[in-house]
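# A closer look at the structure
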Amino acid sequence: MHLGRRRRIEERKLRRRMRWEVALLEMKDREKEQAPLPRSATAADCAAAVQSLTRAAKLCRAWLGIELSHIGLHPGQDGLLRELRDTPSTPGQLAASLQVRPPTISKMIERLESTGFVAREHDRTDHRRSSIRLTEKGEQALSAIDSAWERLASIAGRALSTDEIASTTSALSAIEDNLARALSRIR
């Protein structure tokens, strides 16, 4: 009985410590969200960076759209095929991993299915559930998709140093996190 009581006390301590750590992490997240911009980055600097990022993203999408059209795809569909590279997924899993709404994924799947890049397999026990997998045509398209992305990266990164690429990647990851967090609150 003494061991049982001792175990309960240790479990309570552990739960308290875990609650404390979770509260501390939440507090740190709130502090990050409310932290003012670093002194070196003015609102005008951030606006210029976001405008440049938006222009670069549009150019990347346009260039990729031309490349993907040669294999019968539209921008965005390549991401779905890449998600299916190793394993089939449900439409819900695809929507979550690609950060789009389920109706968007449904339309993409319909288009890719009609062109023969993916196939839908219904669950044997629950016909409302389905998984999406690559067809042979979809698997063959992956190498062309990878080549298109490599060419895009080569063009976009031309004349940039390794350090410049690393700092750009870091900054873009931070921007992506900030925007994803803000968007998740309003959706």
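Refer to the structure above for everything that follows.
Within the chain, the secondary structure is distributed over seven helices and two strands. Ordered by position from the N terminus, the helices and strands of the chain form the series α-α-α-α-α-β-β-α-α. Its C-alpha atoms give the chain a radius of gyration of 23 Å, clearly above 16 Å, the size a compact globule of 187 residues would have. Principal axes of the C-alpha set define a box for the chain whose edges measure 70 × 60 × 30 Å.

Turning next to the packing of aromatic side chains. Per the stated rule, a full pass over the model turns up zero aromatic pairs. Lying across the ring of F117, K137 places its NZ or CZ 4.6 Å from the centre.

Take the nonpolar core next. Core analysis: the biggest nonpolar cluster contains 21 residues, and L80, L81 and V118 have the highest contact counts within it. Breaking this core down by element, the ones donating at least two residues are α2 (43–69), α3 (77–83), α4 (91–98), α5 (102–114), β2 (130–134) and α6 (136–156). For this core, the element with the most residues is α6, which contributes five residues.

On to the environment of S97. With respect to the helices, strands and loops of the structure, S97 is situated in helix α4. In this structure S97 comes out as partly exposed when scored by relative accessible area, which is 36%. C-alpha of S97 to C-alpha of G79: the two residues are 18 residues apart in sequence and 9.7 Å apart in space. Among the polar contacts listed, one links the side chain of S97 to the side chain of E83, at a separation of 3.2 Å.

Taken together, the side chains of R5, R8, R12, R15, R16 and R19 present a region of like positive charge at the surface. Relative to the helices and strands, R8 is located in helix α1 (residues 2–34). Using a relative accessible area of 45% as the deciding quantity, one classes R8 as partly exposed.

Side-chain pairing between opposite charges can occur once the charged atoms of the two side chains come close. Considering all chains together, one arrives at six salt bridges under this definition. Close ionic contact of R120 with E113 constitutes a salt bridge, the shortest N to O distance being 3.6 Å. Here R120 falls in the partly exposed class, since its relative accessible area comes to 29%. Assessed through its relative accessible area of 32%, E113 is described here as partly exposed. By sharing partners, the salt bridges in this structure join R82, R85 and D146 into a single network.

Attention shifts here to the side chain of S89. Locating S89 in the fold gives a position in the loop between α3 and α4. Here S89 falls in the buried class, since its relative accessible area comes to 11%. Every residue in contact with S89, bar those within four places of it in the chain, is listed here: L84, L94, S131 and I132.

A few words on the packing of α4 against α5. Look at α4 against α5: their axes get within 9 Å of each other, and the N-to-C directions meet at 115 degrees. Considering their axes alone, α4 and α5 lie roughly perpendicular with respect to each other. Where α4 crosses over α5, the handedness of that crossing is right-handed. On the side of α4, the interface is formed by P91, L94, A95 and L98, while α5 contributes P102, I105 and I109. Considering only residue class, the contact of α4 with α5 consists of seven nonpolar, no polar and no charged.

About the criteria used
Residues numbered from 1 in each chain as written. Predicted model: local features only at pLDDT ≥ 70, side-chain atom pairs only at ≥ 80, totals over all residues. Heavy atoms only, no water. Helix = DSSP H or I, 4+ residues; strand = E, 2+ residues; numbered from the N terminus. Rg over C-alpha atoms; globule rule 2.2 N^0.38 Å. Phe/Tyr/Trp six-rings, centres within 6.5 Å; stacked < 30°, edge-to-face > 60°. Lys NZ or Arg CZ within 6 Å of the ring centre and 35° of its normal. Core = buried A, V, L, I, M, F, W, Y, C linked by side-chain atoms within 4.5 Å. Buried < 20%, exposed > 50% of the residue type's maximum accessible area, 1.4 Å probe, protein only. Polar contact = N/O pair within 3.5 Å; in protein donor to acceptor, adjacent residues only side chain to side chain. Patch = residues over 30% accessible without salt bridge, like charges linked within 9 Å, V, L, I, M, F, W, Y side chains within 5 Å. Areas by Shrake-Rupley, 256 points an atom, 1.4 Å probe, with all protein chains shown as cover. Salt bridge = Lys/Arg side-chain N within 4 Å of Asp/Glu carboxyl O. Lys, Arg positive; Asp, Glu negative; His and termini not counted. Charge placed at Lys NZ, Arg CZ, Asp CG, Glu CD. Contact = heavy atoms within 4.5 Å. Axes fitted to C-alpha atoms, helices over the stretch in contact; angles between N-to-C directions. Parallel < 35°, antiparallel > 145°, perpendicular 65-115°, else oblique. Left-handed = near helix turned anticlockwise from the far one by under 90°. Nonpolar A, V, L, I, M, F, W, Y, C, P; charged D, E, K, R; others polar.

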